[in-house]
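Single-letter residue listing:
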Amino acid sequence: MTQANISTSVRKPNPNYSIIDIQGEVTGFAEDNLMDAFSQASNGKTTRTILLNFTDLEYMNSSGIGLLVTMLIRSQRQKQNLIAFGLSRHYQEIFRLTRLNEAISIYTDESGALAAIPS
Amino acid sequence: MSKSENTPKNNPNSWARPVDKLKVSESPNEAINLNVDGRKLSGLTHGFGQLWQKTYKVRLSGIEITPQAVVEEWKANFSKFWPQGNNLYVPLTGIQPGEVGLINLSAPGGLKLSTGVMVIYADDVSFSFMTPEGHMFAGMITFSAYEEDDGTFAQVQALIRANDPVYEVSFRMGFGHKSEDAFWDATLKNLGQHLGVANPQPTQTNSLVDSRMQWAEWRNIWNNAGIRSGLYMPVVIVKKIFPRG
(Lines give C-alpha, C1' and ligand atoms only; values in the text may rest on other atoms or scores of the structure.)
Protein backbone atom coordinates (compact mmCIF):
# COMPACT_ATOMS: atom_id res chain seq x y z
CA MET A 1 0.00 0.00 0.00
CA THR A 2 1.47 3.30 -1.05
CA GLN A 3 1.30 6.90 -0.05
CA ALA A 4 3.66 9.51 -1.46
CA ASN A 5 6.74 7.57 -2.49
CA ILE A 6 8.86 10.38 -3.80
CA SER A 7 11.76 12.46 -2.61
CA THR A 8 12.97 15.64 -4.20
CA SER A 9 15.95 17.88 -3.67
CA VAL A 10 16.68 21.24 -5.18
CA ARG A 11 20.09 22.40 -6.43
CA LYS A 12 20.83 26.01 -7.33
CA PRO A 13 24.22 26.00 -9.00
CA ASN A 14 23.56 29.37 -10.60
CA PRO A 15 21.09 32.22 -9.90
CA ASN A 16 19.67 31.74 -13.39
CA TYR A 17 18.63 28.13 -13.05
CA SER A 18 17.65 25.49 -10.50
CA ILE A 19 17.54 21.72 -10.76
CA ILE A 20 14.90 19.54 -9.09
CA ASP A 21 16.19 15.99 -8.59
CA ILE A 22 13.24 13.63 -8.49
CA GLN A 23 13.54 10.17 -7.00
CA GLY A 24 10.70 7.67 -6.80
CA GLU A 25 7.14 7.88 -8.03
CA VAL A 26 5.33 10.80 -9.65
CA THR A 27 1.67 10.12 -8.90
CA GLY A 28 -1.19 12.16 -7.51
CA PHE A 29 0.26 11.60 -4.04
CA ALA A 30 3.41 13.53 -4.99
CA GLU A 31 1.61 16.86 -5.30
CA ASP A 32 2.75 18.50 -2.05
CA ASN A 33 6.32 17.31 -2.47
CA LEU A 34 6.65 18.39 -6.10
CA MET A 35 4.99 21.76 -5.61
CA ASP A 36 7.17 22.55 -2.58
CA ALA A 37 10.25 21.69 -4.63
CA PHE A 38 9.00 23.88 -7.45
CA SER A 39 8.51 26.82 -5.07
CA GLN A 40 12.06 26.37 -3.74
CA ALA A 41 13.46 26.09 -7.23
CA SER A 42 11.58 29.21 -8.36
CA ASN A 43 13.57 31.18 -5.80
CA GLY A 44 10.94 33.89 -5.47
CA LYS A 45 10.35 33.80 -9.25
CA THR A 46 13.89 35.06 -9.95
CA THR A 47 15.14 31.78 -11.45
CA ARG A 48 14.74 31.85 -15.21
CA THR A 49 14.96 28.13 -15.92
CA ILE A 50 13.92 25.10 -13.89
CA LEU A 51 15.30 21.70 -14.82
CA LEU A 52 13.52 18.51 -13.80
CA ASN A 53 15.91 15.60 -13.31
CA PHE A 54 14.04 12.34 -13.96
CA THR A 55 17.12 10.08 -13.90
CA ASP A 56 15.86 8.31 -10.76
CA LEU A 57 12.19 8.29 -11.70
CA GLU A 58 10.74 4.88 -10.89
CA TYR A 59 7.16 5.29 -11.95
CA MET A 60 4.71 7.88 -13.22
CA ASN A 61 0.96 7.56 -13.78
CA SER A 62 -1.57 9.83 -15.47
CA SER A 63 -2.16 11.85 -12.29
CA GLY A 64 1.59 12.51 -12.27
CA ILE A 65 1.35 13.87 -15.80
CA GLY A 66 -1.40 16.17 -14.51
CA LEU A 67 0.98 17.47 -11.83
CA LEU A 68 3.61 18.23 -14.46
CA VAL A 69 1.01 20.20 -16.42
CA THR A 70 0.20 22.23 -13.31
CA MET A 71 3.91 22.86 -12.79
CA LEU A 72 4.25 23.92 -16.41
CA ILE A 73 1.41 26.43 -16.02
CA ARG A 74 3.03 27.89 -12.90
CA SER A 75 6.37 28.24 -14.67
CA GLN A 76 4.74 29.90 -17.70
CA ARG A 77 2.93 32.33 -15.42
CA GLN A 78 6.28 33.21 -13.82
CA LYS A 79 7.94 33.47 -17.25
CA GLN A 80 10.28 30.59 -16.49
CA ASN A 81 11.45 27.84 -18.81
CA LEU A 82 10.81 24.25 -17.78
CA ILE A 83 13.25 21.64 -19.06
CA ALA A 84 13.37 17.89 -18.41
CA PHE A 85 16.25 15.44 -18.61
CA GLY A 86 17.01 11.86 -17.67
CA LEU A 87 13.69 10.44 -18.84
CA SER A 88 13.79 6.81 -19.94
CA ARG A 89 12.68 6.04 -23.49
CA HIS A 90 9.34 4.81 -22.10
CA TYR A 91 8.58 8.09 -20.34
CA GLN A 92 9.84 10.12 -23.30
CA GLU A 93 7.13 8.33 -25.29
CA ILE A 94 4.57 9.26 -22.65
CA PHE A 95 5.58 12.92 -22.96
CA ARG A 96 5.05 12.52 -26.72
CA LEU A 97 1.70 10.80 -26.23
CA THR A 98 0.39 13.58 -23.99
CA ARG A 99 2.09 16.25 -26.13
CA LEU A 100 3.94 17.56 -23.08
CA ASN A 101 7.13 17.35 -25.14
CA GLU A 102 5.80 20.29 -27.19
CA ALA A 103 5.90 22.51 -24.08
CA ILE A 104 8.71 20.99 -22.01
CA SER A 105 12.01 20.46 -23.83
CA ILE A 106 13.54 17.05 -23.18
CA TYR A 107 17.27 16.31 -23.03
CA THR A 108 19.07 13.04 -22.50
CA ASP A 109 21.25 14.14 -19.62
CA GLU A 110 22.14 17.07 -17.41
CA SER A 111 25.00 18.36 -19.53
CA GLY A 112 22.75 18.50 -22.60
CA ALA A 113 20.03 20.28 -20.64
CA LEU A 114 22.48 22.81 -19.19
CA ALA A 115 23.82 23.55 -22.65
CA ALA A 116 20.28 24.40 -23.77
CA ILE A 117 19.61 27.00 -21.08
CA PRO A 118 19.10 30.38 -22.71
CA SER A 119 21.99 32.70 -21.87
CA MET B 1 -5.90 11.08 5.74
CA SER B 2 -4.67 7.82 4.34
CA LYS B 3 -5.14 6.95 0.75
CA SER B 4 -3.97 3.68 -0.67
CA GLU B 5 -3.37 2.50 -4.13
CA ASN B 6 -1.99 -0.66 -5.58
CA THR B 7 -0.62 -0.02 -9.01
CA PRO B 8 1.39 -2.29 -11.27
CA LYS B 9 4.57 -0.25 -11.08
CA ASN B 10 6.70 0.05 -14.14
CA ASN B 11 4.27 -1.91 -16.25
CA PRO B 12 4.91 -0.36 -19.65
CA ASN B 13 1.60 -1.78 -20.86
CA SER B 14 -0.32 0.58 -18.57
CA TRP B 15 0.37 3.40 -21.00
CA ALA B 16 -0.71 3.71 -24.62
CA ARG B 17 1.90 4.15 -27.33
CA PRO B 18 2.13 7.59 -28.93
CA VAL B 19 0.03 8.07 -32.05
CA ASP B 20 0.16 10.80 -34.65
CA LYS B 21 -3.49 10.49 -35.60
CA LEU B 22 -6.46 8.64 -34.14
CA LYS B 23 -8.26 5.77 -35.82
CA VAL B 24 -11.54 4.23 -34.69
CA SER B 25 -11.11 0.49 -35.16
CA GLU B 26 -14.73 -0.57 -34.68
CA SER B 27 -17.99 1.31 -34.66
CA PRO B 28 -21.48 -0.18 -34.43
CA ASN B 29 -24.12 0.73 -37.01
CA GLU B 30 -26.09 2.91 -34.63
CA ALA B 31 -23.06 5.07 -33.79
CA ILE B 32 -22.26 8.31 -35.59
CA ASN B 33 -18.56 8.11 -36.41
CA LEU B 34 -17.45 11.71 -36.89
CA ASN B 35 -14.68 13.97 -35.66
CA VAL B 36 -12.27 11.27 -34.50
CA ASP B 37 -10.58 9.50 -37.42
CA GLY B 38 -7.50 11.41 -38.52
CA ARG B 39 -7.57 13.81 -35.55
CA LYS B 40 -4.65 14.38 -33.24
CA LEU B 41 -4.95 14.14 -29.49
CA SER B 42 -5.65 17.55 -28.04
CA GLY B 43 -3.04 18.05 -25.35
CA LEU B 44 -3.59 20.31 -22.37
CA THR B 45 -1.11 22.73 -23.81
CA HIS B 46 -3.22 23.08 -26.98
CA GLY B 47 -6.67 24.02 -25.69
CA PHE B 48 -8.05 27.56 -25.80
CA GLY B 49 -9.86 28.34 -22.57
CA GLN B 50 -9.19 28.49 -18.86
CA LEU B 51 -7.66 25.38 -17.35
CA TRP B 52 -9.80 23.72 -14.70
CA GLN B 53 -9.22 20.80 -12.43
CA LYS B 54 -12.55 19.29 -11.48
CA THR B 55 -12.78 16.45 -9.01
CA TYR B 56 -16.01 14.53 -8.52
CA LYS B 57 -16.06 11.73 -5.98
CA VAL B 58 -18.48 9.49 -4.16
CA ARG B 59 -18.03 7.44 -1.01
CA LEU B 60 -19.30 3.92 -1.55
CA SER B 61 -21.04 3.75 1.81
CA GLY B 62 -22.61 0.63 3.24
CA ILE B 63 -20.79 -1.84 1.01
CA GLU B 64 -17.45 -3.60 1.23
CA ILE B 65 -15.61 -3.39 -2.04
CA THR B 66 -11.99 -3.00 -3.05
CA PRO B 67 -10.79 -0.22 -5.39
CA GLN B 68 -9.80 -2.94 -7.86
CA ALA B 69 -13.33 -4.37 -7.92
CA VAL B 70 -14.82 -0.89 -8.41
CA VAL B 71 -12.58 -0.13 -11.37
CA GLU B 72 -13.13 -3.55 -12.92
CA GLU B 73 -16.90 -3.02 -12.81
CA TRP B 74 -16.55 0.58 -14.01
CA LYS B 75 -14.46 -0.41 -17.02
CA ALA B 76 -16.82 -3.25 -17.93
CA ASN B 77 -19.95 -1.06 -17.86
CA PHE B 78 -18.49 2.36 -18.47
CA SER B 79 -21.12 4.13 -20.54
CA LYS B 80 -24.03 2.31 -18.87
CA PHE B 81 -23.44 4.67 -15.94
CA TRP B 82 -23.72 7.73 -18.15
CA PRO B 83 -26.99 9.68 -18.26
CA GLN B 84 -29.47 8.29 -20.77
CA GLY B 85 -28.90 9.13 -24.44
CA ASN B 86 -25.11 9.30 -24.18
CA ASN B 87 -22.82 6.51 -25.32
CA LEU B 88 -19.17 5.56 -25.48
CA TYR B 89 -18.51 2.86 -28.04
CA VAL B 90 -15.26 1.04 -27.34
CA PRO B 91 -13.86 -1.98 -29.18
CA LEU B 92 -14.66 -5.47 -27.88
CA THR B 93 -11.30 -5.48 -26.10
CA GLY B 94 -12.76 -2.84 -23.77
CA ILE B 95 -11.02 -0.02 -21.99
CA GLN B 96 -7.39 -0.79 -22.74
CA PRO B 97 -4.44 1.57 -23.28
CA GLY B 98 -4.35 2.71 -26.89
CA GLU B 99 -8.00 1.98 -27.67
CA VAL B 100 -10.00 4.77 -29.29
CA GLY B 101 -13.62 5.14 -28.25
CA LEU B 102 -16.39 6.90 -30.10
CA ILE B 103 -18.63 9.19 -28.06
CA ASN B 104 -22.18 10.14 -29.06
CA LEU B 105 -23.65 12.73 -26.72
CA SER B 106 -27.16 14.11 -26.54
CA ALA B 107 -27.15 17.82 -27.26
CA PRO B 108 -29.94 20.43 -27.28
CA GLY B 109 -32.45 20.29 -30.14
CA GLY B 110 -32.11 16.54 -30.61
CA LEU B 111 -28.60 16.96 -31.94
CA LYS B 112 -26.15 14.11 -31.45
CA LEU B 113 -22.65 15.37 -30.86
CA SER B 114 -20.06 12.94 -32.11
CA THR B 115 -16.54 12.96 -30.77
CA GLY B 116 -14.23 10.49 -29.07
CA VAL B 117 -11.49 9.70 -26.61
CA MET B 118 -8.31 7.67 -26.48
CA VAL B 119 -7.52 5.50 -23.49
CA ILE B 120 -4.04 6.70 -22.61
CA TYR B 121 -3.58 4.86 -19.32
CA ALA B 122 -5.18 1.96 -17.51
CA ASP B 123 -4.24 -0.09 -14.48
CA ASP B 124 -6.31 -1.98 -11.93
CA VAL B 125 -7.29 1.09 -9.88
CA SER B 126 -7.51 3.82 -12.51
CA PHE B 127 -7.84 4.64 -16.18
CA SER B 128 -7.45 7.87 -18.14
CA PHE B 129 -8.78 9.29 -21.35
CA MET B 130 -7.41 12.05 -23.54
CA THR B 131 -9.57 13.96 -25.97
CA PRO B 132 -9.11 14.57 -29.69
CA GLU B 133 -9.12 17.88 -31.53
CA GLY B 134 -12.67 19.20 -31.80
CA HIS B 135 -13.84 17.74 -28.48
CA MET B 136 -15.42 20.22 -26.04
CA PHE B 137 -12.33 19.91 -23.89
CA ALA B 138 -8.64 19.65 -24.47
CA GLY B 139 -7.30 17.55 -21.70
CA MET B 140 -7.30 14.46 -19.66
CA ILE B 141 -9.84 12.76 -17.43
CA THR B 142 -8.95 10.09 -14.90
CA PHE B 143 -11.32 7.59 -13.31
CA SER B 144 -10.08 5.91 -10.17
CA ALA B 145 -10.99 4.22 -6.93
CA TYR B 146 -9.12 4.39 -3.65
CA GLU B 147 -9.43 3.69 0.05
CA GLU B 148 -9.63 6.58 2.48
CA ASP B 149 -10.91 6.92 6.04
CA ASP B 150 -11.98 3.27 6.19
CA GLY B 151 -14.07 3.53 3.07
CA THR B 152 -13.79 3.13 -0.67
CA PHE B 153 -14.26 6.09 -2.98
CA ALA B 154 -14.84 6.32 -6.72
CA GLN B 155 -13.48 9.46 -8.34
CA VAL B 156 -13.54 11.31 -11.64
CA GLN B 157 -10.84 13.94 -12.04
CA ALA B 158 -10.76 16.14 -15.12
CA LEU B 159 -7.93 18.49 -16.06
CA ILE B 160 -9.45 20.36 -18.95
CA ARG B 161 -9.58 23.51 -21.05
CA ALA B 162 -12.37 24.44 -23.45
CA ASN B 163 -10.96 23.54 -26.83
CA ASP B 164 -12.00 26.66 -28.73
CA PRO B 165 -13.68 30.08 -28.27
CA VAL B 166 -17.21 28.78 -28.92
CA TYR B 167 -16.91 26.16 -26.20
CA GLU B 168 -15.27 28.70 -23.88
CA VAL B 169 -18.20 31.11 -24.28
CA SER B 170 -20.56 28.27 -23.43
CA PHE B 171 -18.55 27.49 -20.28
CA ARG B 172 -18.31 31.15 -19.26
CA MET B 173 -22.07 31.43 -19.60
CA GLY B 174 -22.41 28.45 -17.32
CA PHE B 175 -23.99 25.98 -19.75
CA GLY B 176 -20.88 23.91 -20.35
CA HIS B 177 -19.82 23.64 -16.72
CA LYS B 178 -23.38 22.96 -15.57
CA SER B 179 -23.93 20.11 -17.99
CA GLU B 180 -20.46 18.66 -17.35
CA ASP B 181 -21.02 18.73 -13.58
CA ALA B 182 -24.50 17.20 -13.89
CA PHE B 183 -23.12 14.51 -16.19
CA TRP B 184 -20.45 13.25 -13.78
CA ASP B 185 -22.71 13.64 -10.74
CA ALA B 186 -25.28 11.38 -12.42
CA THR B 187 -22.56 8.96 -13.51
CA LEU B 188 -21.20 8.55 -9.98
CA LYS B 189 -24.71 8.12 -8.59
CA ASN B 190 -25.43 5.42 -11.17
CA LEU B 191 -22.11 3.69 -10.46
CA GLY B 192 -22.78 3.77 -6.72
CA GLN B 193 -26.29 2.38 -7.10
CA HIS B 194 -25.03 -0.34 -9.44
CA LEU B 195 -22.51 -1.38 -6.78
CA GLY B 196 -25.22 -1.53 -4.12
CA VAL B 197 -24.92 1.87 -2.41
CA ALA B 198 -28.37 2.90 -1.19
CA ASN B 199 -28.11 6.65 -1.59
CA PRO B 200 -24.84 7.73 -3.21
CA GLN B 201 -23.94 11.37 -2.57
CA PRO B 202 -21.25 12.63 -4.97
CA THR B 203 -19.30 15.75 -4.06
CA GLN B 204 -17.38 18.12 -6.32
CA THR B 205 -14.33 20.36 -6.05
CA ASN B 206 -13.32 22.82 -8.76
CA SER B 207 -9.96 24.50 -9.00
CA LEU B 208 -9.00 27.10 -11.59
CA VAL B 209 -5.44 26.14 -12.50
CA ASP B 210 -4.91 28.75 -15.21
CA SER B 211 -7.23 31.72 -15.71
CA ARG B 212 -5.56 32.79 -18.95
CA MET B 213 -6.82 31.91 -22.39
CA GLN B 214 -4.48 30.66 -25.08
CA TRP B 215 -5.42 32.98 -27.92
CA ALA B 216 -2.97 31.31 -30.29
CA GLU B 217 -5.30 28.28 -30.25
CA TRP B 218 -8.45 30.10 -31.46
CA ARG B 219 -8.23 28.28 -34.78
CA ASN B 220 -9.26 25.07 -32.99
CA ILE B 221 -12.77 26.21 -33.83
CA TRP B 222 -12.27 24.70 -37.29
CA ASN B 223 -12.50 21.23 -35.75
CA ASN B 224 -15.39 22.01 -33.37
CA ALA B 225 -17.23 18.70 -33.05
CA GLY B 226 -20.50 20.39 -32.06
CA ILE B 227 -20.61 22.53 -35.19
CA ARG B 228 -19.50 19.67 -37.42
CA SER B 229 -22.02 17.27 -35.87
CA GLY B 230 -24.76 19.86 -36.45
CA LEU B 231 -23.82 20.23 -40.10
CA TYR B 232 -23.91 16.43 -40.45
CA MET B 233 -27.41 16.07 -38.93
CA PRO B 234 -29.29 16.19 -42.27
CA VAL B 235 -27.25 13.16 -43.39
CA VAL B 236 -28.22 11.32 -40.19
CA ILE B 237 -31.89 12.11 -40.79
CA VAL B 238 -31.73 10.91 -44.41
CA LYS B 239 -30.00 7.69 -43.29
CA LYS B 240 -32.77 7.08 -40.74
CA ILE B 241 -35.49 7.62 -43.35
CA PHE B 242 -33.76 5.51 -46.00
CA PRO B 243 -31.80 2.82 -44.12
CA ARG B 244 -29.45 0.66 -46.17
CA GLY B 245 -30.44 -2.96 -46.86
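Overview of the structure. (Residues numbered from 1 in each chain as written. Chains lettered and ligands numbered in written order. Predicted model: local features only at pLDDT ≥ 70, side-chain atom pairs only at ≥ 80, totals over all residues. Heavy atoms only, no water.)

**Looking at the overall build of chain A**
At step 1: Counting secondary structure elements, chain A contains 4 helices and 5 strands.
At step 2: The N-to-C order of helical and strand elements in chain A reads β-β-α-β-α-β-α-β-α.
At step 3: For 119 residues, the compact-globule estimate of 2.2 N^0.38 gives 14 Å, and the C-alpha radius of gyration of chain A, at 13 Å, lies within 12% of that figure.
At step 4: Seen through its principal axes, chain A has C-alpha atoms that stretch 45 × 25 × 25 Å.
At step 5: Per-residue burial over chain A gives 50% buried out of 119 residues.
At step 6: In chain A, 68% of the contacts between residues at least 6 apart in sequence involve partners at least 24 apart.
At step 7: As displayed, chain A has an accessible area near 5200 Å², and 42% of this comes from carbon and sulfur atoms. (Helix = DSSP H or I, 4+ residues; strand = E, 2+ residues; numbered from the N terminus. Rg over C-alpha atoms; globule rule 2.2 N^0.38 Å. Buried < 20%, exposed > 50% of the residue type's maximum accessible area, 1.4 Å probe, protein only. Contact = heavy atoms within 4.5 Å. Areas by Shrake-Rupley, 256 points an atom, 1.4 Å probe, with all protein chains shown as cover.)

**Let's talk about the overall build of chain B**
At step 1: Helix and strand content of chain B: 4 helices and 8 strands.
At step 2: Listing every helix and strand of chain B by position from the N terminus yields β-α-β-β-β-β-β-β-α-α-β-α.
At step 3: For chain B, the C-alpha radius of gyration of 18 Å lies close to 18 Å, the compact-globule estimate for 245 residues.
At step 4: Viewed in the frame of its principal axes, chain B has a C-alpha envelope of about 50 × 50 × 35 Å.
At step 5: Sorting the 245 residues of chain B into buried and exposed places 53% on the buried side.
At step 6: Element-wise, carbon and sulfur atoms account for 54% of the exposed surface of chain B, whose accessible area totals about 11600 Å².
At step 7: Between the centroid of the 23 positive side chains of chain B and the centroid of its 23 negative side chains there is a distance of 9 Å. (Lys, Arg positive; Asp, Glu negative; His and termini not counted. Charge placed at Lys NZ, Arg CZ, Asp CG, Glu CD.)

**Concerning the nonpolar core**
Burial of nonpolar side chains together is a common tendency in soluble globular proteins.
At step 1: In this structure, Leu52, Phe54 and Phe95 of chain A together with Ile120 of chain B are the most contacted members of the largest nonpolar core, which totals 51 residues.
At step 2: Listed by contribution, the elements that provide at least two residues to this core are β2 (17-26), α1 (31-42), β3 (49-60), α2 (62-77), β4 (81-85) and α3 (89-97) of chain A together with β3 (100-106) and β4 (112-122) of chain B.
At step 3: With 7 residues, α2 of chain A is the largest single contributor of residues to this core.
At step 4: The contact partners of Phe95 of chain A, leaving out residues within four places of it in the chain, are Phe54, Met60, Ile65, Leu68, Ala84, Leu87, Leu100, Asn101, Ile104 and Ile106 of chain A.
At step 5: Core analysis: the next-biggest nonpolar cluster, separate from the first, contains 39 residues, Val58, Leu105, Ala158 and Leu188 of chain B among them. (Core = buried A, V, L, I, M, F, W, Y, C linked by side-chain atoms within 4.5 Å.)

**Considering the environment of Leu191 of chain B**
All names here are of chain B.
At step 1: Looking at the element boundaries, Leu191 is found in helix α3 (residues 175-194).
At step 2: Overall, Leu191 belongs to the buried group, its relative accessible area being 0%.
At step 3: Through-space distance from the C-alpha of Leu191 to that of Gly176 is 23 Å; in sequence the pair is 15 residues apart.
At step 4: With sequence-adjacent residues up to four places away left out, Leu191 is seen in contact with Val70, Trp74, Phe81 and Ala154.

**Side note on the packing of α1 of chain A against α2 of chain A**
All names here are of chain A.
At step 1: Interaxial distance between α1 and α2 falls to 11 Å at its minimum, and their mutual angle equals 20°. By the criterion of interaxial angle, the relationship of α1 to α2 is roughly parallel. Like other packed secondary-structure pairs, α1 and α2 cross with a definite hand, here right-handed. Contacts from Glu31, Leu34, Met35, Phe38 and Ser39 of α1 reach α2 at Leu67, Thr70, Met71, Arg74 and Ser75. (Axes fitted to C-alpha atoms, helices over the stretch in contact; angles between N-to-C directions. Parallel < 35°, antiparallel > 145°, perpendicular 65-115°, else oblique. Left-handed = near helix turned anticlockwise from the far one by under 90°.)

**As for the sheet that holds β4 of chain A**
Residue and element names in this part refer to chain A.
At step 1: Taking strand neighbours across the sheet as the criterion, the 5 strands line up as β1-β2-β3-β4-β5 in an open arrangement whose pairing is mixed. Two strands in the sheet have a free side with no partner beyond their single neighbour: β1 (6-14) and β5 (105-107). Averaged over neighbouring strand pairs, the angle between their axes works out to 25° when direction is ignored.
At step 2: Relative to β4, β3 runs parallel, the two being bridged by 5 bridges. For Thr49, the partnering residue across the bridge sits in β4 and is Asn81.
At step 3: α1 rests against β1, β2, β3 and β4 of the sheet, and its axis sits at about 5° to β1.
At step 4: Along the sheet face, α3 touches β3, β4 and β5 and points at about 115° away from the line of β3. (Pairing = 2+ DSSP bridges.)

**What about the packing of aromatic side chains?**
Residue and element names in this part refer to chain B.
At step 1: Tallying each qualifying case throughout the model produces 18 aromatic pairs over all chains.
At step 2: Taking the centre distance of 5.0 Å and the plane angle of 85° together, the rings of Phe78 and Phe143 count as edge-to-face. Of this pair, Phe78 sits in the loop between α1 (67-76) and β2 (87-89) while Phe143 sits in strand β6 (residues 137-148), placing them 65 residues apart in sequence. No difference in accessibility class separates Phe78 from Phe143, as the two residues are buried.
At step 3: Ring centres of Trp82 and Trp184 lie 6.3 Å apart, and the angle between their planes is 85°; this geometry places the pair in the edge-to-face category. Of this pair, Trp82 sits in the loop between α1 and β2 while Trp184 sits in helix α3, and the two are 102 residues apart along the sequence. For the pair Trp82 and Trp184, a shared accessibility class is recorded, and that class is buried.
At step 4: Members of the aromatic cluster, connected to one another through ring pairs, are Trp74, Phe78, Trp82, Phe127, Phe129, Phe143, Phe183 and Trp184. (Phe/Tyr/Trp six-rings, centres within 6.5 Å; stacked < 30°, edge-to-face > 60°.)

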